[in-house]
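Given next are the chains, with one letter for each unit.
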Amino acid sequence: MSSGSYIPPPVKLVEISKKDGGKRFLGIPTVTDRIAQMVVKMTLEPEVEPFFHSDSYGYRPGKSAIEAVGRARERCWRYDWVVDLDIKGFFDNLRHDLLLKALQKHTTNKWVLLYIGRWLIAPLQQKDGTLISRDKGTPQGSVISPLLANLYLHYAMDEWLRRNYPKNPFERYADDSVVHCKTEREAKDVLASLKNRMAECGLELHPDKTKIVYCKDDDRRGDYPITKFDFLGYTFRRRRSKNRFGKLFVNFSPAVSDSAKKSMRQEMRRWKVHLRSDKSLEDISHMFNPALRGWYNYYGKYYKSELHCVFRHFNRTLSRWAMRKYKRLRGHKRQAEYRMGKIAIEQPALFYHWQMGLKPSTGQ
C-alpha cells in the first residue's frame, strides 16, 4: 500500500429495504479491500478524532448512541423546541471535492489521500456484473465510510453550528441530528439556515423527516401540531413520571419507539423458536440471550416499562415452543404458560429479561 500499487476492486452493490418502504444501497467491499481500508482508518482516525465535536456520537471510539439519547433527554428539559434533522441520501450525495479538501487539512500522508481518492471513485458492481461509475458519495457498508462521513459533517454542520449558533446545542449520530432551541422563532431560523448550508455542501434535508418539535410537558403551555420526535430508536414525547417524592407529573422523555418494538418482534418471529422443538430451553437461551440482553440494555435505559410488551411476546413464543415440544402440553396454552412461569421462578438466570423481573405469569 505504501508503494501506491494497490488498486481497489469494484464494490458489490446490494439493495436492502428501508422501514419507510424505500431502498437503501449498500456497497460491500472485498475482504482484501476491507483490510486495506482498516489500515487507512487506523492511520487517519487518530489524526482527525481530536478535532471532532463532543456532541458527535456516531462511529466514534468512546461514544455511543445511548449517550446521545441521554444528552438529548437532558437538553429537552432545558430547551422548549427541537429541530429534528434528517439528511436525504447523505452517504450517496456527499461531494468528493469537499471531502478531499477536508482531508488535506488533517493529513499530509500521500498514500492515505491516494487510496481514499481511489475508493471514492471505485465503481459499483450490480448483480449482473454491470459497473456503475461514481462522482459523488461513499458506499455505506465500507470500513472507511463512517470516518469520512463524520469528517464531512464536522465541517458541513458541526463546526458551522458552533460558529453561527453557539447557544444552540445539538446531538448528531452520523446523519441523524437534533438541534435545541429556546423559541419557535429561533427554531425556524436555525432550520432555514441549515437548509441553505446543506445546499452549499451538496446535501438536502429530508422534507418529510425534518421538522420542528415543541417539547410539551406540564409546565409548557400553548399548542403546536408536532410534539414528539424519534431519535436513535427512541420516541421523545410527554410522559407521566414520578418524582423522588412519589408525586406524578408529566415531563418530556424518551422511550423505545413503536417502530423499534415492531422491528424486535419481527426479528423474534424470524427466529422461529416455536419450531425448534429439537432444542432444549438451555440451547434456546444460548442462541437468543445475547440479542435479548442487547435490546434490554439499550432500549430499557429510559422508561423501560414501554419495553415490557416486547418481552411478553417472547414469553408467549416460549409457551408455544413448550406446547410443541411436550405432548402433555399440546393444545393447553394455559398449562404451557404456567409451566414456563414455574421454570422462570426456578431458573431466573436462564433468560436475561427473566433476571430483570419480566417472567411469564404462573396465573396465580
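The text that follows walks through the structure, step by step, so that each part is easy to find. Remember, it's a predicted structure, so these values are computed and weren't measured experimentally.

Turning our eyes to something else, we now look at the pairing of strand E6 (residues 170-173). Successive residues of a regular strand alternate their side chains across the two faces of the sheet. Note: E6 against strand E7 (residues 176-181), four bridges, orientation antiparallel. Across the sheet, residue arginine 172 finds its bridge partner in E7, namely serine 177. Connecting E6 to the antiparallel partner E7 that follows it, the hairpin turn spans two residues, and alanine 174 within it adopts a positive phi of roughly 60°.

With that out of the way, let us pick up helix H6 (residues 145-164). Over its 20 residues, H6 runs 27 Å from end to end, which matches the ideal 28 Å to within 8%, given 1.5 Å per residue. Taken as a whole, H6 carries its principal kink of about 50° at histidine 154. Most of H6 is tucked away, with 16 of its 20 residues classed as buried.

A few words now on unusual backbone geometry. Phi at alanine 174 is positive, roughly 60°, even though this residue is not glycine. With respect to the secondary-structure elements, alanine 174 resides in the loop between E6 and E7. In this model, tyrosine 303 sits at a positive phi of 50°, which is unusual for a non-glycine residue. Within the secondary structure, tyrosine 303 sits in the loop between helix H9 (281-299) and helix H10 (308-325). On the basis of relative accessible area, tyrosine 303 is assigned to the partly exposed category, the value being 29%.

Right, let's get into the sheet that holds strand E4 (residues 124-125). Ordered by their spatial adjacency, four strands build an open sheet running E2-E1-E4-E5, and the pairing between neighbours is mixed. Edge strands, defined here as strands with exactly one partner in the open sheet, are strand E2 (23-28) and strand E5 (131-132). In terms of strand pairing, E4 meets E5 through two bridges, oriented antiparallel. Each bridged residue has a counterpart across the sheet, and for glutamine 125 the counterpart in E5 is leucine 131.

Another point: the packing of aromatic side chains. Per the counting criterion, the structure on display carries 23 aromatic pairs. Here tyrosine 234 and tyrosine 299 contribute two aromatic rings whose centre-to-centre distance is 6.0 Å and whose plane-to-plane angle is 35°, an arrangement assigned as tilted. With a gap of 65 residues between them, tyrosine 234 in strand E10 (residues 234-242) and tyrosine 299 in helix H9 connect regions that are remote in the sequence. You can call tyrosine 234 buried: its relative accessible area is 0%. Residue tyrosine 299 is classed as buried on the basis of its relative accessible area of 16%.

Now for the packing of H10 against helix H11 (residues 333-346). Contact geometry for H10 and H11: axes closest at 9 Å, N-to-C directions at 110°. Between H10 and H11, the interaxial angle falls into the category roughly perpendicular. Where H10 crosses over H11, the handedness of that crossing is right-handed. Residue-level inspection shows Leu318, Ser319, Ala322 and Met323 of H10 in contact with H11, the latter providing Lys333, Ala336, Glu337 and Met340. Partitioning the contact of H10 with H11 into residue classes produces five nonpolar, one polar and two charged.

Rules of the game
Residues numbered from 1 in each chain as written. Predicted model: local features only at pLDDT ≥ 70, side-chain atom pairs only at ≥ 80, totals over all residues. Heavy atoms only, no water. Pairing = 2+ DSSP bridges. Helix = DSSP H or I, 4+ residues; strand = E, 2+ residues; numbered from the N terminus. Expected span 1.5 Å × (residues − 1). Bend = angle between axes of the 7 residues up to and from the residue. Buried < 20%, exposed > 50% of the residue type's maximum accessible area, 1.4 Å probe, protein only. Phe/Tyr/Trp six-rings, centres within 6.5 Å; stacked < 30°, edge-to-face > 60°. Axes fitted to C-alpha atoms, helices over the stretch in contact; angles between N-to-C directions. Parallel < 35°, antiparallel > 145°, perpendicular 65-115°, else oblique. Left-handed = near helix turned anticlockwise from the far one by under 90°. Contact = heavy atoms within 4.5 Å. Nonpolar A, V, L, I, M, F, W, Y, C, P; charged D, E, K, R; others polar.

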